[in-house]
Each structure stands twice: as structure tokens, then as C-alpha cells.
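Now for the letters of each chain:
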Amino acid sequence: MKYATVSIFFTAFIFLSCEKTVVLDLNQVVSKIVIEGLVTDQPGYQFVKVTRTAGFYESGATPRITDATVLVEDNLGNQYSYDHNPDSSGYYFPSVPFIGEIGRTYTLTVTVNGETYRAADKLYDVTPIDSLQYRINPDEEDDPKEPKKFYEVLLFANEPQATSDYYLFKFYRNDSLKIYNPSDIYFSDDKALGEEINGVPSPVYYAPADSARVEMYSLSRTGFVFYSDLFNLINNDGGMFSPPPANSRTNLSNGALGFFQVSAIAIAGVRIAD
């Protein structure tokens, strides 16, 4: 399982004891549309978020787009329109709730100011989670990052090796999504997991009486490439032998950033005993 962490360092150089403030002219960079979408086989997970990239010197939340037209259609011709939610600026939810179905391909169409952006992704099955167990991590117990949180959750499942499968993992503590480091991403292919997933430990730690939940998302090959690119991008140290930074490859058209993900989800939970 992989995770990603990013640190950005700014170094100031002073020559001949002279200081000069230089403001970079970055206004020539054209703002781009950013689209994040998700369709799953579970109720309540479907959404599309539409924003715009911010200028280099701008702070705060990225500009939210609230007047887009958003439509999802499957390969059988079923169409699902989305409405903007005024309580969640930039987020669009299905006008009529629906769930995705295994084997279908879903196409997203977003129109903003006369410009149209499209993406398609297929909903692949996900291997079920057989069980979750937990144990004390001795190193974390000796020096916990968070007080009393030194239990790790172990994931058990059987991964079918006859197909090439890709997964994204999310870990929850007491119903709140958690990551070990601010920029972590947890994803894997089936080659890294192997056929018998015997006790893969969580990167998140728990305290007694905490409830733990693990969500295992199926990914298409395109989705796996997107997260792989993102992992490489945020781990690029800018050194001599590092590749130049580049946006993650996406399934979105017309120059939009982001990704439209279609997934089945396996969910399991366990409560850490007092």
C-alpha cells in the first residue's frame, strides 16, 4: 500500500548583503476548471464538485462554481441530473438519488459558461472485506502521535488474482475520515496486495472505545494512473534527477483538472475494546 506526503520548502538567497523583493508576474496563467466527481454502488456517495484554480497570490478557498450544468449518463442511456447544493458551495448532488451498478460505464458532462467538459469511467467490482481485527502497535505505544491512540486495525480479504485490480483505501475514526500525514493517499494494485490479504495494518491509529471503519474502493486502470501520478507529483523533491512537475493524467476533457471516479465500495467496521 502506498501513501503520499508533500513538503514544500522556500529558500531565500542573499547576495552581497543586498535584499530585493521580487513579485512574480503570474497573472498570465489561465484559470482552469477543476472537477471532482464520484459515482459508487452505495447510496449517498454520489457527488460532483466544480471549482476554479486560484491565482498564486490568492489565499482562502478556491473559487466555487455554482451555476454549472451537471449530468451523469450510463452506457444504457439512463440519465441523472445534478443540482447545486447552496449549503455546500460548489457541490452538486443527484436530483433523484441513484446508485451505480457493477459493469456499467458512467459518463459525466459538466457545462460552465458555454464550455463543456466530459469524462467516463467504468464501475468495477471490489473484493469484499472478510474481517477487521486490531492490535497494539508497540512503536506507536512507546511514542504515540496522538495521546492513547496506538491500536492499528488489520484488514483481511481474499484478492482474486485472475483479473488486474486496483484499490483506494479510506480509514475512519469515529465516523471522521483520517490520514496519518496531511497529504497521504492510500492506494494499491493487486500485485502489491497479493492473493491473501492477511492482516494489512492501517496507517491510522485508534484508542480504546474508538470505532474504526475501512472503505475499500475499486479503481479502473485510469483511476490508478491518476493516483499514481498524484503520488509522484507531491513526492517530487525538485532535485536534479526529479522529473519536471506535471498535472496528474485525468479522464476529463477540454483541459479540466481533477478526476471523475466510478467505484464499488467494500465497507467494514470494528470497535476497539475498552
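Our structure is the block above this text.
In this text the structure is predicted, and so the values were computed from the model without any measurement. (Residues numbered from 1 in each chain as written. Predicted model: local features only at pLDDT ≥ 70, side-chain atom pairs only at ≥ 80, totals over all residues. Heavy atoms only, no water.)

**With respect to the sheet that holds strand 15 (residues 257-263)**
Okay, so step 1: Strand order in the open sheet formed by 8 strands is 7-6-3-4-5-2-1-15, with mixed pairing between adjacent strands. A strand with exactly one partner marks an edge of an open sheet, and here the two such strands are strand 7 (115-122) and strand 15. Neighbour-to-neighbour, the strand axes of this sheet turn through a mean angle of 20 degrees, independent of strand direction.
Okay, so step 2: Across 8 bridges, the pairing between strand 6 (residues 105-112) and strand 7 is antiparallel. (Pairing = 2+ DSSP bridges. Helix = DSSP H or I, 4+ residues; strand = E, 2+ residues; numbered from the N terminus. Axes fitted to C-alpha atoms, helices over the stretch in contact; angles between N-to-C directions.)

**Describing the sheet that holds strand 8 (residues 129-136)**
Two strands in a sheet stick together by hydrogen bonds in their backbones, pointing the same way (parallel) or opposite ways (antiparallel).
Okay, so step 1: Overall, antiparallel pairing links the 3 strands, which are arranged 8-9-13 in an open sheet. Of all the strands in the sheet, the pair left with one neighbour each is strand 8 and strand 13 (196-206). Averaged over all pairs of adjacent strands, the angle between their axes in this sheet comes to 25 degrees, without regard to strand direction.
Okay, so step 2: As paired elements, strand 9 (residues 151-158) and strand 13 share 7 bridges and run antiparallel to each other. Residue pairing for strand 13: Asn-158 is matched across the bridge by Glu-196.

**Comments concerning the pairing of strand 5 (residues 91-94)**
Okay, so step 1: In terms of strand pairing, strand 2 (residues 47-52) meets strand 5 through 2 bridges, oriented antiparallel. In the sheet register, Val-48 faces strand 5, and the bridge partner there is Tyr-92.
Okay, so step 2: As judged from the 3 bridges shared by strand 4 (residues 79-84) and strand 5, these two strands associate in the antiparallel manner. For Asp-83, the partnering residue across the bridge sits in strand 5 and is Phe-93.
Okay, so step 3: Taken together, strand 4 and the strand that follows it, strand 5, pair antiparallel across an intervening segment of 6 residues, in which Gly-90 is found at a positive phi of about 90 degrees.

**Quick look at unusual backbone geometry**
Okay, so step 1: In the Ramachandran plot, Lys-148 falls in the positive-phi region, its phi being about 70 degrees despite a non-glycine side chain.
Okay, so step 2: Inspection of the secondary structure assignment puts Lys-148 in the loop between helix 1 (138-142) and strand 9.
Okay, so step 3: Not every positive phi belongs to a glycine, and Asn-174 is a case in point at roughly 50 degrees.
Okay, so step 4: Checked against the element boundaries, Asn-174 lands in the loop between strand 10 (166-173) and strand 11 (176-178).

**Details of helix 3 (residues 221-234)**
Side chains three or four residues apart in an α-helix point the same way, a direct result of the helix having 3.6 residues per turn.
Okay, so step 1: The end-to-end C-alpha separation of helix 3 is 20 Å, in line with the 20 Å expected for 14 residues at 1.5 Å each.
Okay, so step 2: Along helix 3, the residues that are buried comprise Gly-223, Phe-224, Val-225, Phe-226, Tyr-227, Ser-228, Asp-229 and Ile-234.
Okay, so step 3: Where the residues of helix 3 are buried, they touch strand 10, strand 12 (187-189), strand 14 (211-219) and strand 15. (Expected span 1.5 Å × (residues − 1). Buried < 20%, exposed > 50% of the residue type's maximum accessible area, 1.4 Å probe, protein only. Contact = heavy atoms within 4.5 Å.)

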